[in-house]
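So you can see what is in the structure, the chains are spelled out below.
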Amino acid sequence: MNLPPNPFGNDSGNDIDIADLRKLTDLIKSKYNYDFKDYAMSSFKRRIKRLLDIYKFKNVDKLISVLETNPDFFEEFISEITVNVTEMFRDPLFWKILKEQILPNILLQHETINIWHAGCSSGEEVFSMAIVLQEMGILGKAKLVASDLDTAIIKKAQGGTYSMKSMDLNRKNYQRYGGVHSLDNYFKEMGGEAIMDKSLMQNVSFRRHDLVQGAVFSKFDLILCRNVMIYFNQTLQNTVLGRLHESLFKYGYLAIGSKESLIWCEIANKFIVVNNEEKIYKKVKE
Ligand SMILES: C[S@@+](CC[C@H](N)C(=O)[O-])C[C@H]1O[C@@H](n2cnc3c(N)ncnc32)[C@H](O)[C@@H]1O
């Protein structure tokens, strides 16, 4: 990220109140058509505070005036506000269950597998899926859509280049998942970076898609929306889950993050739990 010089003052010690956040979310909605109003307040506030510190903006009003006058800053704003933390084979047991249970079950019903990674971040989750499918010999039967709100992070995902440092954890996760080879079979090291094998992405289409405001655009056998709704309030979780439900074929699967839950959501009675630890659900009612 390019830090700008600091023409804005540097006392960001002021606390942020709800009225500030409301002014900010209203401006972002009216000028840029992104809707953060129903993001979970505490983490949204933390991210704004962090952004004020990084850019040394004096207060939220300063941030608002920069967003009002400098549209080029908005992409950086989005990258700072969204939490992009991810890793390959995150929660290794989840991937083992996908391989041994979920994907074979889908193939019993359908010739092809349609998968949506909603909130794919920098793409590690998508590469993990492609590797699982490859090792099962069914990559050619799969169509994957990978989407995110943040355009810059989608570009990173498409690039498929990661730091070698991050590959240490990725390798460990891959081993724990029960990978057939070594993770090193799927990338080449160049200048301290891991360049992923592009052929893994042969059936992946990347797109910008906003889970909050975007329309339902297709039907899937499996949707991964992991560690995304954790940043939404309950109202927004209900709305988004409704759209994910609509985007699944009947008997399709939904996977959310292992620390998230469907239990409190309005739509819960339209799913059954397939695996409670790894939060995998199956749509059983339209
Ligand atoms: C913590 S990452 C999760 C990445 C991956 N699914 C995982 O579990 O490792 C959350 C991602 O959700 C994306 N996101 C946040 N709000 C979104 C929205 N309204 N629509 C689509 N993606 C969103 C963020 O940009 C970020 O890349």
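What you see is a predicted model; the values in this text were computed from it and never measured. (Residues numbered from 1 in each chain as written. Predicted model: local features only at pLDDT ≥ 70, side-chain atom pairs only at ≥ 80, totals over all residues.)

**Q** I would appreciate a short explanation of the environment of Lys155 in the present structure.
**A** The topology assignment puts Lys155 in helix α7 (residues 151–159). Taking the C-beta count within 10 Å as the criterion, Lys155 has 12 such neighbours and is therefore assigned exposed. A C-alpha to C-alpha distance of 9.9 Å links Lys155 and Arg208, two positions 53 residues apart in sequence. (Helix = DSSP H or I, 4+ residues; strand = E, 2+ residues; numbered from the N terminus. Buried ≥ 20, exposed ≤ 12 C-beta atoms within 10 Å, placed from the backbone.)

**Q** What exactly am I supposed to notice about the sheet that holds strand β4 (residues 187–190) here?
**A** If you walk across this open sheet you meet the 3 strands as β3-β5-β4, and the pairing is antiparallel. Of all the strands in the sheet, just β3 (161–163) and β4 have a single pairing partner and so form its edges. In this sheet, neighbouring strand axes are inclined to one another by 30° on average, regardless of whether the strands run parallel or antiparallel. Examined bridge by bridge, β3 and strand β5 (residues 193–196) share 3 bridges and lie antiparallel to one another. Opposite Ser163, over in β5, you have Glu193 as the bridge partner. Against the sheet, helix α8 (residues 164–177) contacts β3, β4 and β5, and its axis sits at roughly 90° relative to β3. (Pairing = 2+ DSSP bridges. Axes fitted to C-alpha atoms, helices over the stretch in contact; angles between N-to-C directions. Contact = placed C-beta atoms within 7 Å.)

**Q** For this particular structure, what's the right way to read the pairing of strand β9 (residues 271–275)?
**A** Residues in a regular strand point their side chains to alternate faces of the sheet. Taken together, the 4 bridges between β9 and strand β10 (residues 280–283) define a ladder with antiparallel strand orientation. For Phe271, the partnering residue across the bridge sits in β10 and is Lys283.

**Q** Is there a simple way to think about the domain arrangement of the chain in this case?
**A** In many reports, interface size means the accessible area that the parts give up when they come together. Assigned domains within the chain: domain 1 (18–81) and domain 2 (92–283). Summarising the inter-unit geometry, the C-alpha centres of domain 1 and domain 2 are found 28 Å apart. If you look at the interface, domain 1 gives 8 residues, while domain 2 gives 11 residues. Ranked by residues supplied to the side of domain 1 that touches domain 2, first place goes to helix α4 (residues 73–81) with 3 residues. (Domains from an automatic or database assignment.)

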